[in-house]
Amino acid sequence: MTAVLEIQGLTKTYRARGGPRRALDGFEMYVEAGQVHGFLGPNGSGKTTTLRTLLGLIRPDSGDLRILGRPVPAELPQVIAHVGAIVESPQFFPHFSARDTLSLLADAGNLPQSRVDWALELVGLRDRAKERVKTYSLGMKQRLAVASALLKQPKLLILDEPANGLDPGGIREMRDMMATLSAGGMTVVLSSHILGEVQLICDSVTIISLGRRVAAGPVAEVLQAHSSGQVRVALETAADLSAAAQVLVAAGMQLQAHADHLMLTGVDKPALVARLLAERQLYVSELAPVHADLESVFLELTGTAPVPGQARQVDQSVKPDTAQDGVSA
Ligand SMILES: Nc1ncnc2c1ncn2[C@@H]1O[C@H](COP(=O)(O)OP(=O)(O)OP(=O)(O)O)[C@@H](O)[C@H]1O
C-alpha cells in the first residue's frame, strides 16, 4: 500500500517561559492511502504540533516528513493543492452566509463553483446555506469548516477534532461523511478525543504520548495487541462459583470473583476453562473473552486513567523509553 503520509524522527522543542518544552520527541506516523486514520493522544501530547508541522505552519527541529511521497516543507507547494485541513477553528466573516463564504474560497482557490453545493450537501448545511455565519451554532460552524477543507476535493483531508461541538446526530453524520469520502478514495487523518467514535470510524490509529508514538496500526491489531486476555465466566449454578474459583486457581489461573461471575486474566485458551470445570461437574453458562476497547487501551498506554483522589496534571502521561511498541502501521 502507498503511504500518503509518512513522518519519521520528528522533533520539536518550543521555547517557553518555564524553559524549553519538547513537544515532539522522535515521533513517527504512517498513513496508507484510502484509510481513515485516528490520531489520538492526551492534551498536550503533540498532535496539533504534528499537524501544524505537516502543513508548514511550524518549523520542526528535525525529522523526515512526506505527504504523497513529497518531502515537506521543501515540496509543500507541489502537494498542498491535494491537502485539505482544519487544524485550528477557522475564522469566517460573520456577516457572510455559508454559501458566500465557500464561494469566495472557491474563487480564491481557482476552484469550480459547482464544488460549493457539493460541499454544502455533504456536510448537511444545504438548507441553512443562505443564513449568516454569525447565526450558526458551534456545530454548524464546524460543518462549514469541514466544507471549506473539502472544496479542493483533496486526496488527504486532515481534521483536528472534527467532532468538536457536534451533537450525537452530527457526530454520526460526520462518521457517515468520513465513510463516504474514504470510499471515494480520500485519505482522512483526524485527531479526536471521542475514542468510541474513533473506534467506529477509523481503519487505523496512531497514539501519541508526550511527543512519542506509543501505538500504531489497524484498530483491530492495536486492540488485540493490548487486550489482557480477560475472560468472563458464569456457571449454570451460581452457588458453584467459589468451587469453580478454587479449581481454576489451583490450575494456576488468575481471577477475580464477582457475585454472579468470575473474571479471569491472561487466558490464552478459554476452552481449557470449560474443560477443567466440566471435569468437576461444574458447567459454564457463559465463557466470553472480554475485548479491550480503544478507550481502555488509550488510558493504559498513555497512563492517563483517572486515579481517585488525584488531579492529574497535563504533562503526567507516559513516555516510553523507545518510540515503538511493536505494532506497525
Ligand atoms: N507556541 C507554543 N509555545 C510553547 N509551548 C507550546 C506551544 N504550542 C504548544 N506548546 C506545548 O507543546 C506541547 C504539545 O502541544 P500540542 O498543542 O501539540 O498538543 P495536543 O496534543 O494538540 O493537545 P490538545 O489535545 O490539548 O489539543 C504542550 O506541552 C504545549 O503546551
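This is a predicted model, so every value here is computed, not measured. (Residues numbered from 1 in each chain as written. Predicted model: local features only at pLDDT ≥ 70, side-chain atom pairs only at ≥ 80, totals over all residues. Heavy atoms only, no water.)

Topic: the packing of aromatic side chains
When we look at a pair of aromatic rings, we describe it by the centre distance and by the angle of the planes. Threshold: Stacked, tilted and edge-to-face pairs are distinguished by plane angle, under 30 degrees for stacked and over 60 for edge-to-face with tilted covering the rest, among Phe, Tyr and Trp rings (Trp via its six-membered ring) whose centres lie within 6.5 Å. In this scheme, a residue with accessible area under 20% of its type's maximum is buried, one over 50% is exposed, and one in between is partly exposed, where area comes from a 1.4 Å probe on protein chains only.
One pass over the full model with this rule turns up 2 aromatic pairs. Here the aromatic rings of Phe93 and Phe96 are separated by 5.1 Å at their centres, their planes lie at 45°, and the arrangement is tilted. For Phe93, a relative accessible area of 52% translates into the label exposed.

Side note on the domain arrangement of the protein
Cut-off, in case you're wondering: Reported domain spans reflect what an automatic or database domain assignment gives.
What the domain assignment reports for the protein is domain 1 (3-224) and domain 2 (229-290). Between domain 1 and domain 2, the C-alpha centre-to-centre distance is 46 Å.

Things to note about the layout of surface pockets
Worth spelling out the cut-off: As defined here, a cavity is a set of points on a 1 Å grid over the protein atoms alone where a 1.4 Å probe fits but cannot get out. A pocket is an open set with protein on both sides within 12 Å along at least five of seven lines, and residues line them when an atom is within 4 Å of a point. Grid points are joined across faces, edges and corners, and a volume is the space filled by probe spheres set on the points. Counting from the N terminus, the helices are DSSP H or I runs at least four residues long and the strands are E runs at least two residues long.
When its volume is computed, the largest pocket comes out at roughly 590 Å³. In terms of lining, the largest pocket is formed by 25 residues, of which the most central are Ala85, Leu105, Ser148, Ala149 and Lys152. Among the elements of the structure, β6 (83-86), α3 (98-108) and α5 (138-150) are those that each provide at least two residues to the lining of the largest pocket. Among the elements that make up the lining of the largest pocket, the one with the highest residue count is β6 (4 residues).

Focus: the site of the ligand
Short version of the rule: Near is defined per residue: the residue qualifies when any heavy atom it owns lies within 4 Å of the molecule or strand. The term polar contact refers here to a pair of N or O atoms within 3.5 Å; inside protein, the definition further demands a hydrogen-donor-capable atom paired with an acceptor-capable atom, and it admits residues adjacent in sequence only when both atoms are side-chain atoms. We get accessible surface area from the Shrake-Rupley algorithm with a probe of 1.4 Å; when it comes to residues, only the shown protein chains can shield them. Gly is put with the polar residues, along with every residue not named as nonpolar or charged; the nonpolar set is Ala, Val, Leu, Ile, Met, Phe, Trp, Tyr, Cys and Pro, and the charged set is Asp, Glu, Lys and Arg.
All residues in the neighbourhood of the ligand are listed as Tyr14, Arg21, Ala23, Pro42, Asn43, Gly44, Ser45, Gly46, Lys47, Thr48, Thr49 and His193. Contact distances for the ligand include 3.0 Å between an oxygen atom and a backbone N or O atom of Gly46. Within the side chain of His193, an N or O atom sits 3.1 Å from an oxygen atom of the ligand. Taken by itself the ligand offers 640 Å² of open surface, and the protein chains cover 64% of this. Breaking the shell around the ligand down by element, the ones donating at least two residues are β2 (19-32) and α1 (47-54). Per-element tally for the shell around the ligand: the top contributor is α1, with 3 residues. Here the residues of the shell around the ligand are counted per class, giving 3 nonpolar, 7 polar and 2 charged.

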